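Below, each chain spelled out in residue letters.
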Amino acid sequence: MESIGLHIDGQILKLAYVRKIKNNIQILALESLVLPARDKIEELENSQIEETSGFEQDQDKENAAFGKAKRESVDENATLDLITGLLQKYPLNKASIGLSVPASSVHYSPITISEHVKGRRLKKDLAEKSTEISITLNKNTEKWEDGDPHFVKIGGDNYLMINHSGNNFLLEQILSIKSAGLIDKKSTISLITTQEVAIAILAGLYSGAESDLSKIVVLFGQKSSKILYMQGTVLTSVSVTFDPGSIEYKTVFLDKVYAKILMVLDQMNIHEPDEIYLAGEVSIHREDQRLFCDYFDDKFPESTCKILPDAGSVIDTGLLEDDQKPDVSSFAVPIGLAIGTSLKLDKTYDNSNFLPKALKKEQSSHRLSWHGYAAMFMLFFSSIYYTFQWFSYADMTEKAERSLMLLEESLNSEQEIAGEIALLEEKTGLYRKYISLTDSLWHPGPLYSETLLFLAQSSKELNSLWINKLSINDINFQLSGSSLYRNRINRFAETTGNAMINSVSEENIREGKVYNFDIKGNPRSFITPVLTMVHYIDSVSVETGLVSLFSKPAFGKEK
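Residues numbered from 1 in each chain as written. Predicted model: local features only at pLDDT ≥ 70, side-chain atom pairs only at ≥ 80, totals over all residues. Heavy atoms only, no water.

Visitor: Got a minute to help me understand the nonpolar core in this structure?
Guide: Note on soluble globular proteins: their nonpolar side chains tend to be buried together. Counting residues in hydrophobic clusters, the biggest one holds 69 residues, and the most contacted among them are Leu6, Leu99, Ile189, Leu235 and Ile335. Take this core: its biggest share by element is eight residues, from helix H5 (residues 195-207). Setting aside its immediate chain neighbours within four residues, Leu6 contacts Leu13, Lys14, Leu15, Leu87, Ile97, Gly98, Leu99, Ser100, Leu170, Ile174 and Leu337. Within the second largest apolar cluster, 21 residues are counted, among which are Ile216, Ile261, Ile276 and Phe292. (Core = buried A, V, L, I, M, F, W, Y, C linked by side-chain atoms within 4.5 Å. Buried < 20%, exposed > 50% of the residue type's maximum accessible area, 1.4 Å probe, protein only. Helix = DSSP H or I, 4+ residues; strand = E, 2+ residues; numbered from the N terminus. Contact = heavy atoms within 4.5 Å.)

This is the structure we're talking about:
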């Protein structure tokens, strides 16, 4: 992934073109150009006007105003041409761009939120604090203000508020160039932040995301410098600007920087930092880098000192030309900006991005109008609906498949049972024939029928007598009945072959009496069998249909 960092250092526009390969940052190109000195021209014109007086002064003011407007137009066009020529050298459609805001328009304020709040409440409290600080500083709201406070969380309920007011000249120039079609319109500006945050991102690479080491970063400027204090990868404090003097006077310069570091450590109540980094806009020559680090190693013996960006395991400068390598230290800010776009700013610095919301929407490839949002809304809910329907139908299909499988299993078992039943029915048909034959040959049949017929006829002839119960076998019979007349019980017993009367009892029914009796006798005394010989089934074969019989007398012994 490739990215570009742009930073204006006084009148010098610096560019760093880097590529992120896994965990390493490869610097592909470093370049700088000098912008027109508009401020010096204005100061010179104002001083010339003050030297004249009266009518000549008024005339000179008019001529100066006309000349100033003309020169501003020329300077602006020249600036656009210079920036356009610089950017056209690089594939902006493949690289994201990171910009810095003017250092003079930035103010850092440590704040503390009294309660453990999150979400909307946190944003509201931070916005109120930001408003109070802006009023205190008496600064105007910047042109690209998006309404959200910019801050870095430094631990617990403590935040480092970043206030930025005024316009961003570099952003205006790039947007103007894009709108004119002079550079690829697909180029995206993904990061706008301060030079202090850019340096903090660069310094955080050397200790790793998991590190909790304390760091002091000395940010050298052309006219002023700052001391940054970091805990791990988090920027927790930024000192006020100070002028250490010219870097040429190394001893005086380093003594002033050391004094400021001690003041910051006293404020942080820290004896000595774990690491010290030197970086900024001033190019520290290679022969001076060892001198600077030796100085701080002597002052802080337990600390390690490095010059940012330090070529090594993290930063690769192998593709740079030899004459560019000594000036790498003066490109620390644009390199940090480029790295910030490559890393997409982790959660530590995501709220320090001053990229306007309007520009985010304009650059977004997913920007939609109202009907697009409506279609997206309908698509979202339709996808939920059809997903629900799909799961519903899938569940129904699964249940139907299970039911079908169970029915097929039941059908197979029923078919087996049906086959067995068919075989049984076939055998049962044969058995019915044998049973009907057996019924016709079974000897008690005539005995029962003849006995019942005889007793029924006898009771009818005697009259006033009826039979309640009859049990009979080959040897004897037992009969229970009732009679209206007692003498008819004897007559009935004589009729049945002088059967024995076991008992007679009286029973009062309404106004009369009924005589209940019990008689026991031998059926052979009054019945002449129709069949003297009865045939019995000896064996039956279902498969062959053969029946084997043997004969036996109906009553008595076998003849």
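The discussion continues.
Visitor: Where do I start with the sheet that holds strand S2 (residues 12-21) in this structure?
Guide: Whether parallel or antiparallel, the strands of a sheet pair through hydrogen bonds between backbone atoms. Pairing is mixed in the open sheet, where six strands are placed in the order S8-S4-S1-S2-S3-S14. Unpaired on one side and paired on the other, strand S8 (188-193) and strand S14 (315-316) mark the two borders of the sheet. Relative to S8, strand S4 (residues 95-100) is paired through five bridges, and the arrangement is parallel. Along S8, the bridge assignment pairs Ser96 with Thr188. Of the strands in this sheet, strand S1 (2-9), S2, S4 and S8 touch helix H4 (residues 169-179), which is tilted by about 130 degrees from S1. (Pairing = 2+ DSSP bridges. Axes fitted to C-alpha atoms, helices over the stretch in contact; angles between N-to-C directions.)

Visitor: What should I look at first to understand the pattern of salt bridges in this one?
Guide: Oppositely charged side chains can pair when the atoms bearing their charge come close. Counted according to the given criterion, the structure contains six salt bridges. Across the pair Arg19 and Glu2 runs a salt bridge whose closest N-O atoms are separated by 3.8 Å. Here Arg19, found in strand S2, pairs with Glu2, found in strand S1; they are 17 residues apart in sequence, far enough to count as distant. Classification of Arg19 as partly exposed rests on a relative accessible area of 28%. Residues Glu31 and Lys89 are paired through a salt bridge, measuring 2.5 Å at the closest nitrogen-oxygen approach. Here Glu31, found in strand S3 (residues 24-34), pairs with Lys89, found in the loop between helix H2 (54-87) and S4; they are 58 residues apart in sequence, far enough to count as distant. For Lys89, a relative accessible area of 53% gives the class exposed. (Salt bridge = Lys/Arg side-chain N within 4 Å of Asp/Glu carboxyl O.)

Visitor: Would you mind going over unusual backbone geometry with me for this structure?
Guide: What you tend to see is this: most non-glycine residues have negative phi, and most peptide bonds are trans. Following Leu308, the chain continues to Pro309 via a peptide bond in cis, the omega torsion being -10 degrees. For Pro309, the position within the fold is in the loop between strand S13 (304-307) and S14. The phi dihedral of Ser464 falls on the positive side, at around 55 degrees, and the residue is not glycine. For Ser464, the location among the structural elements is in the loop between helix H11 (444-462) and strand S15 (465-472). Given the relative accessible area of 17%, Ser464 is considered buried.

Visitor: Where do I start with H4 in this structure?
Guide: In an α-helix, one turn spans 3.6 residues, which is why side chains three or four residues apart end up on the same side. Within the span of H4, buried status applies to Leu170, Leu171, Gln173, Ile174, Ile177 and Lys178. Each buried residue of H4 sits inside an arc of 165 degrees when the element is viewed along its axis, so together they form one side. Positive backbone phi, approximately 75 degrees, marks Gly181, located one or two places after H4. (Arc of directions from axis to C-beta.)

Visitor: Looking at this structure, how should I read helix H6 (residues 250-268)?
Guide: With 19 residues, H6 should cover 27 Å at 1.5 Å per step; its first-to-last C-alpha distance of 27 Å lies within 8% of that length. Within the span of H6, buried status applies to Phe253, Leu254, Val257, Ile261, Val264 and Leu265. Each buried residue of H6 sits inside an arc of 105 degrees when the element is viewed along its axis, so together they form one side. In H6, the exposed positions angled more than 90 degrees off the buried face are occupied by Thr251, Asp266 and Gln267. (Expected span 1.5 Å × (residues − 1).)

Visitor: What's the story with the sheet that holds S15 in this structure? I'm lost.
Guide: Sheet architecture is open: four strands sit in the order S15-S16-S18-S17, paired in antiparallel fashion. Bordering the open sheet on either side are S15 and strand S17 (500-509), each of which pairs with just one other strand. The average undirected angle you get between the axes of adjacent strands in this sheet is 15 degrees. For strand S16 (residues 477-483) and strand S18 (residues 512-521), the ladder comprises seven bridges, and the chain directions are antiparallel. Of the residues in S18, the one forming a bridge with Ser483 is Tyr515. Against the sheet, helix H12 (residues 487-495) touches S15, S16, S17 and S18, its axis set at about 20 degrees to S18.

Scope: geometric values only; no functional claims are made or implied.
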